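Summary of the model geometry
Read off the chains here:
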Amino acid sequence: MKTFKLDVTRKHFIALIGLCTVLLHAPPLWAQNTGLDPLPDISQYSHRVWKKKNGLPQNSVHAVIQTQDKYLWLGTEEGLARFNGFEFTVFNKDNSAISNNIVWKLCESKDSTLWLATPAGLSSFKNGTFVNYTTENGLPGNSIQYLMEDSKLRLWIATDWGLCFFENGVIVKVTAEWQDSFIITLAEMKNGAILIGTRNGLYIYRDGTVQLYPARETKTGIIRALWVEQDGSFLAGLARQGIIHLGDSTKMKPSLLQGPFSDVNWRILRDREGTLWVATMNGLVRMVEKTITQFTSADGLLGDDIRSIYEDSEGTLWVGTFGGGLNALSRGKFITYLTGKTPNENLVYTVSEDERNSLWAGNAAGQVLKFEKGRFVAQRGFERIANLPVHTILHDPATGLWVGTLKGLYRFRNGILQTISLRGDTAESVRAIYKAGNGNIWIAARNGLYRFANNSFEVFGKKDGMFTENIKTLKEDRNGTLWIGTHDGLMKLSGGVFTAVIVSQDSLPKRLGPVYEDAEGVLWVASIGEGLRRIQDGKIVTLTKAHGLFDNTVYEILDDGLGNLWMSSNNGVFSISLSELNRVADAGAGSFVCKPYNEADGMKDSECNGGVQPAGWKTQDGKLWFPTIMGIVMVDPRSLPMNTTIPNVIIENVLVEREPILAVNGVRIPPGKNDIEFQFACLSFKSPDKVRYKYQLRGYDNQWIEAGTRRFALYNNLSPGEYSFRVIASNDDGVWNETGANLLLMIEPFFYQTTVFYALCGIVLFLMGITGVLWYDKEHERKLTTARLHSQVAEANLHALRMQLQPHFMFNTLNGITALISKNPKAAREMIARLAGLLRLTLENDMGQEVNLGKELQILRRYLEIEQTRFGDRLVVTYNIQRDTDDALVPAFIFQPLVENSIRHGLGKKRGQALIEIRSEKENGLLKLSVRDNGTGFEAHDEREAAQGIGLTNTRARLNLLYGGEHTFEISEIDAGGVEVRISIPLKIQRGNSADE
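Attention here is on the structure that accompanies the text. Owing to the predicted nature of the structure, the values given are computational and were not obtained by experimental measurement.

In this structure the tally under the stated criterion is 28 salt bridges. The closest approach of N and O atoms between aspartate 305 and arginine 307, which form a salt bridge, is 3.1 Å. Between glutamate 970 and arginine 982 there is a salt bridge, with its nearest N and O atoms 3.0 Å apart. With glutamate 970 in strand β72 (residues 968–973) and arginine 982 in strand β73 (residues 979–986), the pair connects residues that are 12 residues apart, well separated along the chain. One continuous salt-bridge network, built from bridges that share partners, spans Lys333, Lys595, Asp732 and Asp733.

In C-alpha cells, the structure reads:
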C-alpha cells in the first residue's frame, strides 16, 4: 500500500476547500449508520473476497448495485448475479431470457426495475421476467455503455452510437453533432443538466440541447468517470490525466488532481464519511483531505484493474476488478497491526504497556517491537535473539527491558543486550515476567520460579514446597498472594509458603492459563481446552461451552471497565458480561451469551496466541490489545462501531416435496403435498455469518423457533389448512427486523378431509342409524313373535341381538355428531370414526353365543370410546383383567348392558366424576367377572328397574340357558356408594379352534 501527500499550488487550493467542506458532511440518509473510518490504513479494514471458486459466476465484476430490497447485484462476463451474503444466484442465457451474458452496467429505477447494459442491447428485469431492447426498438446502438435514471425518472442510455432516454415507455433519441459518438459515462447535476462523458471530451445536455462543456481541460480527452458533489460542483475523471474538479459555473477555475489518479478507470465515489474513492488501472485510491493512499494487489486486493466501486446501505465498500474477483471493505470493530512481512514476523506472542504508556510486543522471529507513530517497529540491539520466539516482555524503569524467549531470559539495558543464566547453562523457555507490588520481578520458566530482588536472583522449586517446577503464569492479588499457574495445576505463595490449590479433579484443570482478579476480589482462572473457573470463598465453579462459553481454550482475560470480560482463543476474541458469568456460576446452571469477533470484524486471522504471559493488554486509554498469528489486534470497547441498519428479511424459496414453487402470498398447495421447506435470507452484508433468525409457522407452531444462523425451516406431514410462515432476523450487532417476512399459504385437503365430507358422513350415518333402528324394531317384533312360538333359546338369542345395538345409544350418538359438526369438527370426526369401528365389529363379524374375553373387551372399549366422546373427562373406566383370562370364553356382549346400566346410574344421577371398574379373574375352575361403579346406589325405583330392565333380564336368561345351575349372577350395593354386578361361569379356554374345560 502506498501513501502520497497531495502537492497542490495556490491555483488548486480553492477547489480543495470545496472538497474539505464536503468531507465534513454526510448525506442525511446515512446518518443512522457509519461507513468506513477514514483514519486507519485501507489494509486495516475488514477485507473479504469472492472469486469464481466461491460461487461468483466469473472473476470480472463490471458493476455492483444494491436494489431497494437490499439484494446485491453484480454484472459479470458470465451473467447477472444476485448475492444474499452467502450464495450467488446467477441469471444467464442458459437459464433466463437475458440478452447477453456480459453485463457492463446496472441501474435500478424507482419502480424497482433493474436495468442491464450489455454489448447486445438493453435488458430489464422485474418480477422474475427479462425484457430486451435493441436498435429494432429504437436504441441508437446495441452496445450499452452506461445507464442512469434522473430526477425526472427518465432512464438515460449511453450507447456506442449515441444517447437516448426512456420516458413514459418511449425511447427518445438525443441528437447532436458529436465529435465522438462513443459515450462512456453520465451524471445529473444539481440543476438538472446532464453531463455526458465521451471518448473525446465532456458535453452537457440542458433544455433539450447538447453543448461541449466550456472548460478547457475537458474539451479533449477520454472522460471515464463523473461524480457530482453535494455543493453542486463535480469531479471528472480522465484516462491518464487525473481528476478535474469543476463547478456548475464556468467562472470557477478548474483544478487538476493528479498523482495516483492519473489513470482513472470507470468510477469515482465519495462515501458517507466524505472519503473520495477512485478506481484506477493501478488499484484502488483513497483521498482523505490531502492524503492519498493506494491499495493494490500487493496489499491483498483481488486485481489492480478496478471496474466498479459501490457503497451499500451498511457502509460496506464493494470493489469489483477485471479478472480478479469481488472485494468488500468494511469498518471492523478491530484494527489489525501487522508487525512484519513474513509469517514469523506477524506471529505475535505477547503485548504489554510500560509505565510511560509505550506499547511493546514480541514475535516468533525474535523481534522486540515498539508501537511508534501508528505501527509496530522492530527495535535495534536484539539481533542476537533472532529466530528465538519472544514470549514475554517487561519494561522496568529501574532494571531495564526484560525479554523472555523460547530459550532463555535476556535484559536490555543501556543499549546492551545481556543474557541471564537462570540455572547454570541450561536455557529454558521463559513464559512470564511479572512485577509484583513491592518491586520484585518474578520469572516463570519451564524449570522453575525465579525472583529478582536487590540485584540478585533467587530460585524456587520442589525443595521449597512446590509440587512442580513447570511454571506458566503469575498473578498477585490485592492481598499480596502470588497465584502461580503451572502445567500441572494451581498453587499460591503467601507468607513465604507455597500451597497447592487442592480441589476435585473435575473442578480445576492442570493446563492453566492466566489468572484474573475482578473488582470484587474474585479470581477467574483460564485453561487450555477445559473452560473457565471461578474461585470465590474457597469454592470453584466451572464454566464451559455447555454454559455458552465461546471457546474452552482461553489465552487471556481483560476487563473493559464497562462490566464485560474480553477473552482470546484459537477461534477469535469474545466478550461476556461479568454479571452474566456470575449469575450462571451462582446458580450452578443456566447459560449466558458470548459476543464473538473474527475476520469479519477486522481481524486478519481470528487465531490468537497464548500459553505465555501477557497474551493481551489493556492500555491506559482503555483499548484492548491481543496478539494473533497475523499481527496484533486492537479494539476500543468504549467506541465500538455499531451496525444500526435494520436488515431486510426475504423468504427466497419454498420447496414442496423438494420441488420449488412460486413463493407468493395465498399460494395453494395441492392435497397430499405436505412436506414443506422454507428458505430465507437476511440481507446484511457486514457479517452475514453472525445473522440470527427466528421463525414461526402459525397454525402449527405455538411459539417462535430459535434458528440461530440456520437459513431454512422444514415441516413434515402438515395437515390441510391455512398457515402463515413468518421469519425475523437480526444483523451482526443484534438489531432485529421485528416485522420480517411473511407468507400465507393453504394446504388443500382431499375431499374426504373436508368439513363438507364429514357433514355428509354424519348425515349418511344418521340415516343409516334411523334405517337400522327401524329395521331393528321390525326384526325385534318378528323375533319376539317367533320366540313366543319357539323355545327359550330363540328368545335369549333375540335379547342378545337387541343388546348388540340399543336404539337410544344410536340416537344419542347421532345427535352428538350432528351438534359437533359445526362446533367442533375434530370431535365430530373422532365420534364418527369410533361409531364406524363399533358398527364394523357388531354388524360385520358373525359371532356365536360365546367369544373369548379379549374380543369382548375390544367391543366394550369401542363402545366406551363413544361414551367418553360424549361425556369427556367425567367418565373414567379402569380395567383389572387377570393376564391369563384373555382366552376364556364368555357370552357375547355380556358386558355392554352391565356397563350401560352403570353409566346410567353413575352419570345420570351423580355429579362429578363417574368411575367404572371392569374385573376378571379365575378361581377353582370358574371365571369371575364384575362391573363396579361409584353411582348413587339403589333406590326403590332403581331396584325395580334393575330387576325388570331388558338388559339385566336378558343377561340372566342367557346365563341360565348357557350354564344352567353352574353360574351365579349377583347385584349388590356398595357401602361407599355405587353398585357392583358379579358373574361366575365355568372356565373354558379357547385355543386355536378348540375350547378346553
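Structure's up, so let's keep going.
In this section: the environment of lysine 110. Tracing the backbone shows lysine 110 in the loop between β7 (105–108) and β8 (114–118). Taking C-alpha positions, lysine 110 is 7.3 Å from leucine 153, a pair spaced 43 residues apart along the chain.

Before going further, it helps to examine helix α3 (residues 578–587). One turn of an α-helix holds 3.6 residues; hence residues three or four places apart share an orientation. Within α3 the residues assigned to the buried category are Leu578, Leu581, Asn582, Val584 and Ala585. Along the long axis of α3, the arc covered by the buried residues comes to 165°, so they all point the same way. Of the exposed residues in α3, the ones pointing more than 90 degrees away from its buried face are Asp586 and Ala587. Structurally, α3 contributes buried residues whose contacts are with β48 (523–527), β49 (532–536), β50 (539–543), β52 (564–569) and β53 (572–577).

Once that is clear, we can look at the sheet that holds strand β43 (residues 471–476). Taken in spatial order, the 4 strands make up an open sheet running β43-β44-β45-β46, and their pairing is antiparallel. Every other strand in the sheet has two partners, leaving β43 and β46 (497–500) as the edge strands with one partner each. Averaged over all pairs of adjacent strands, the angle between strand axes in this sheet comes to 25°, irrespective of strand direction. The sheet contact formed by β43 and strand β44 (residues 482–486) spans 5 bridges and is antiparallel. Counted as the bridge partner of leucine 474 is isoleucine 484 from β44.

Before going further, it helps to spend a moment on empty space enclosed by the protein. Within this structure, the stated rule accounts for 6 cavities of 30 Å³ or more. Taken as a whole, the largest cavity encloses approximately 60 Å³ of empty space. Surrounding the largest cavity, Ser330, Arg331, Gly332, Lys333, Ala600, Asp601, Pro641, Lys686, Ser687 and Asp732 form its lining. A breakdown of the residues in the lining of the largest cavity according to their chemical character gives 2 nonpolar, 3 polar and 5 charged. Looking at the second largest cavity, its volume works out to about 40 Å³. The wall of the second largest cavity is formed by Lys472, Thr473, Leu512, Gly513, Pro514, Ile528, Val554, Tyr555, Gly611 and Val612. Those elements that provide at least two residues to the lining of the second largest cavity are β43 and β47 (512–517). With 3 residues, the top contributor of residues to the lining of the second largest cavity is β47.

Another point: the environment of serine 99. Counting through the fold element by element, serine 99 comes out in the loop between β6 (88–91) and β7. With relative accessibility at 15%, the residue serine 99 sits in the buried group. As for serine 99 and asparagine 132, which are separated by 33 residues in sequence, their C-alpha atoms are 6.1 Å apart. Those residues within four positions of serine 99 in sequence are excluded, and the remaining contacts are Lys93, Thr118, Ala120, Gly121, Ser123 and Asn132. Side-chain polar atoms of serine 99 contact the side chain of threonine 118, separated by 3.3 Å.

What follows is about helix α8 (residues 853–871). For α8, spanning 19 residues, the distance from its first C-alpha to its last is 26 Å, which sits close to the expected 27 Å at 1.5 Å a residue. For α8, the complete set of buried residues consists of Leu853, Glu856, Leu857, Ile859, Leu860, Tyr863, Leu864, Ile866, Glu867 and Thr869.

As paired strands, strand β33 (residues 368–372) and strand β34 (residues 375–378) are joined by 4 bridges and run antiparallel to one another. Across the sheet, the residue bridging to glutamate 372 is arginine 375, located in β34. Turn length for the β33-β34 hairpin, with the two strands adjacent in sequence and antiparallel, is 2 residues, and the turn residue lysine 373 shows positive phi of about 55°.

Glancing now at the nonpolar core. By size, the foremost hydrophobic cluster in this structure holds 42 residues, and its most contacted members are Phe895, Val899 and Ile918. The leading source of residues in this core is α8, at 7 residues. With near-sequence residues (within four places) excluded, isoleucine 918 lies in contact with Leu857, Leu860, Val877, Thr878, Tyr879, Asn880, Ile881, Phe895, Val899, Ser930 and Val931. Core analysis: the next-biggest nonpolar cluster, separate from the first, contains 30 residues, Ala63, Tyr71, Leu80 and Ile650 among them.

What counts and how
- Residues numbered from 1 in each chain as written.
- Predicted model: local features only at pLDDT ≥ 70, side-chain atom pairs only at ≥ 80, totals over all residues.
- Heavy atoms only, no water.
- Salt bridge = Lys/Arg side-chain N within 4 Å of Asp/Glu carboxyl O.
- Helix = DSSP H or I, 4+ residues; strand = E, 2+ residues; numbered from the N terminus.
- Buried < 20%, exposed > 50% of the residue type's maximum accessible area, 1.4 Å probe, protein only.
- Arc of directions from axis to C-beta.
- Contact = heavy atoms within 4.5 Å.
- Pairing = 2+ DSSP bridges.
- Axes fitted to C-alpha atoms, helices over the stretch in contact; angles between N-to-C directions.
- 1 Å grid on protein atoms, 1.4 Å probe; cavity = no way out; pocket = protein on both sides within 12 Å on 5 of 7 lines; lining within 4 Å.
- Points joined across faces, edges and corners; volume = space filled by probe spheres on them.
- Nonpolar A, V, L, I, M, F, W, Y, C, P; charged D, E, K, R; others polar.
- Polar contact = N/O pair within 3.5 Å; in protein donor to acceptor, adjacent residues only side chain to side chain.
- Expected span 1.5 Å × (residues − 1).
- Core = buried A, V, L, I, M, F, W, Y, C linked by side-chain atoms within 4.5 Å.

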